[in-house]
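# Structural overview
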Amino acid sequence: MNSPDKMPCCMHPVTFPCVDDEHKSLLDLAGGISLPALRYALCRFQLRAEEMLELANADYAPVDPVRTIYNDKRFDMPGGFVLDYDMGKGQINGLEFCARVRRSSIRRITWSRHLPNEDALKAVNKGQLHGSVKKDARHSVQEVSKLIEQAIPAFFCQETGTFAKVGEQADSALKDPLFVKWFAELLRARDFSEHYLLDPAGTLMLAGPNKEIYGLRALTARQLDKEAEQAQKCGAPNYVAQSLKNHDAALCLPRPDQQQITPEIDWLKCMYPITETLSGGQQAYFLCHGANLLVVDTGKVFSVAQYREANPY
């Protein structure tokens, strides 16, 4: 996930059912899915496929960079499925299930002993299948786990777009692999389970499993110079414009839903020193990040830790 075209603009944990009519197979999966996969996959283990189709084809609100953090149902959204092919007498098989999932972004993985290779290839070519693992293969559960780990970013890339696409349009840090690598390491180091791109310039809201809200701004020299001009036009004191021009500080607006510079800004409260600088190639990126950059009503946030406690699958 360290390349701009594989980093989604927004991402949060999603439901990832594992469906198999064999109880032992479900126990194997439940005990073998790795922690990196479980960071974003809220796994359910189900014996019947038909009841999961309703979940797959339900209507879910699109991811909104500002409002999704307040959506208590965001974790119910299915990001993908792991399915057995042969679900037993009277049930649809795994490929039939895949074909009936209407939302193309949902990732579908089969884990089966009996899936014909030719049928699997046809399903892949139709975009109905995104991975297939033989149950009897060595380390098959680990392979499923890797596919789940890859599936959730791929789901959100299709749902919300990628850093590469937005960064190219805005000519921002988002398109640079150097910044994306730094960002991915930040997510891992601080255990952030959600991130939301608030504007194409490079303002992000990050959230941890226990409502830890964190703000990040990544700006180029050109973007800082442009913000200095906008600040001057909006009546900012000279020290504000000069700090921006000197690349000593950046404006970090506290409201996630209002990232436009206006004359009403409390300039002193919105100025933050540049935390660090990334330099590579022909560009440098000036970063401000910390827990006090954005104001979020955490009392209205239902965290992933709370969700896991309420839904111990």
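Here the structure is a predicted model, which means the values were calculated and not measured. Counting of residues starts from 1 at the beginning of each chain's written sequence and follows it residue by residue. Confidence filtering applies because this is a predicted model: local features only for residues at pLDDT of at least 70, side-chain atom pairs given and counted only at 80 or more, and all residues used for totals across whole chains, interfaces and linings. Working from all heavy atoms in the structure, the side-chain values ignore hydrogens and water.

### Focus on empty space enclosed by the protein
- In this analysis the probe radius is 1.4 Å and the grid spacing 1 Å, with only protein atoms considered; a cavity is a set of points the probe fits into but cannot get out of, a pocket is an open set with protein on both sides within 12 Å along at least five of seven lines, and lining residues have an atom within 4 Å of a point. Grid points are joined across faces, edges and corners, and a volume is the space filled by probe spheres set on the points. All chains considered together, the criterion is met by two cavities of 30 Å³ or more.
- The calculated volume of the largest cavity comes to roughly 40 Å³.
- Around the largest cavity, the lining residues are R217, E227, L251, L253, Q259 and I261.
- A breakdown of the residues in the lining of the largest cavity according to their chemical character gives three nonpolar, one polar and two charged.
- Reported here for the second largest cavity is a volume of approximately 30 Å³.
- Along its surface, the second largest cavity is lined by T203, G215, L216, R217, C252, L253, Q259, L293 and L294.
- Helix numbers and strand numbers start at the N terminus; a helix is a DSSP run of H or I with at least 4 residues, a strand a run of E with at least 2. If you tally residues by element for the lining of the second largest cavity, the top one is strand 9 (residues 213–220), at three residues. Only Asp, Glu, Lys and Arg are considered charged, only Ala, Val, Leu, Ile, Met, Phe, Trp, Tyr, Cys and Pro nonpolar, and every remaining residue, Gly among them, polar.

### Some details on the sheet that holds strand 2 (residues 14–19)
- Paired strands, as defined in this entry, are two strands with at least two bridges between them according to DSSP. On the basis of which strands lie adjacent, the open sheet formed by five strands has the order 3-2-4-5-6 and parallel pairing. Strand pairing shows two members of the sheet lacking a second neighbour, strand 3 (41–46) and strand 6 (131–134), which therefore form its edges. Strand after strand, the sheet turns through a mean of 15° between neighbouring axes, direction not considered.
- Looking at chain direction, strand 2 and strand 4 (residues 80–83) are connected through two bridges and run parallel. Paired with V19 across the bridge in strand 4 is L83.
- Throughout, a residue-residue contact means that at least one pair of heavy atoms, one from each residue, lies within 4.5 Å. Angles run from 0 to 180 degrees between N-to-C directions of axes, and those axes are lines fitted to C-alpha atoms, restricted for helices to the stretch in contact. Against the sheet, helix 6 (residues 140–160) engages strand 2, strand 3, strand 4, strand 5 (107–112) and strand 6, with an angle of about 170° to strand 5.

### Considering helix 6
- End to end, helix 6 covers 31 Å across 21 residues, agreeing with the expected 30 Å (1.5 Å per residue, within 8%).
- Exposure classes here rest on a 1.4 Å probe applied to the protein chains alone. A residue is buried below 20% of its type maximum, exposed above 50%, and partly exposed in between. Restricting attention to buried positions, one finds in helix 6 the residues S140, V141, V144, S145, L147, I148, A151, I152, P153, F155, F156 and C157.
- Phi turns positive one or two residues past the end of helix 6, at G161, with a value near 85°. By this rule, a helix spans an expected 1.5 Å times one less than how many residues it contains.

From the geometry alone we can't say anything about function, so treat these as descriptive.
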